[in-house]
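Read off the chains here:
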Amino acid sequence: MERPEPLRTLYWESGMLYLLDQRLLPGEIRYVSCGSAGAVAEAIKGMAVRGAPAIGVAAAFGMVLAAREAVSAGSSGTPLPEKLEKAAAVLLRSRPTAVNLAWALERMRRRINESAGAGAIELAAALEREARAIMAEDEAANRLIGSYGAALLPARAAV
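Residues numbered from 1 in each chain as written. Predicted model: local features only at pLDDT ≥ 70, side-chain atom pairs only at ≥ 80, totals over all residues. Heavy atoms only, no water.

*Asks:* Just checking my understanding: could you explain the overall build of the chain for this structure?
*Replies:* Secondary structure summary: the chain contains five helices and three strands in total. Listing every helix and strand of the chain by position from the N terminus yields β-β-β-α-α-α-α-α. Over its C-alpha atoms, taken along the principal directions, the chain stretches across nearly 60 × 30 × 30 Å. The buried share of the chain, taken over its 159 residues, is 36%. Long-range contacts, defined as pairs at least 24 residues apart, comprise 56% of the intrachain contacts of the chain with a sequence gap of at least 6. Accessible surface for the chain amounts to roughly 9400 Å². Of this, 56% is attributable to carbon and sulfur atoms. Here the chain holds 19 positive side-chain charges and 17 negative ones, and the gap between their average locations is 3 Å. (Helix = DSSP H or I, 4+ residues; strand = E, 2+ residues; numbered from the N terminus. Buried < 20%, exposed > 50% of the residue type's maximum accessible area, 1.4 Å probe, protein only. Contact = heavy atoms within 4.5 Å. Areas by Shrake-Rupley, 256 points an atom, 1.4 Å probe, with all protein chains shown as cover. Lys, Arg positive; Asp, Glu negative; His and termini not counted. Charge placed at Lys NZ, Arg CZ, Asp CG, Glu CD.)

Below you can see the structure in the form of structure tokens.
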């Protein structure tokens, strides 16, 4: 019997964030595609994505999407840091009690501040690197937790 592909809570591909729609589990596996910070905020608010770490990762990529939107819109109007702060506020309001949401947004704000003076494209790239780092750290923590739990299971057990 072939082992099924592991289910991913979320993934980033070709400039889009895909979130496992947890409202449909366990009966159906479907992903919500998010191409904007607003779409990520709606997915968080609508409970498509659940669990503090996943919400934080989603919010980080929401900031990446906001930066990409701003780059695509050009340099007219509001400065990029202000646009990003507005996006962060929208994301935070999507689930204000989610600890990892606020934590991830603060981490993205630090990256914005550390990149002061960078061009819009460079800032968007820096935010994507930071979001990818947050996601990798979360995946590593989950694998470690899983390995601890797996060690407690008897041989041939199924979960």
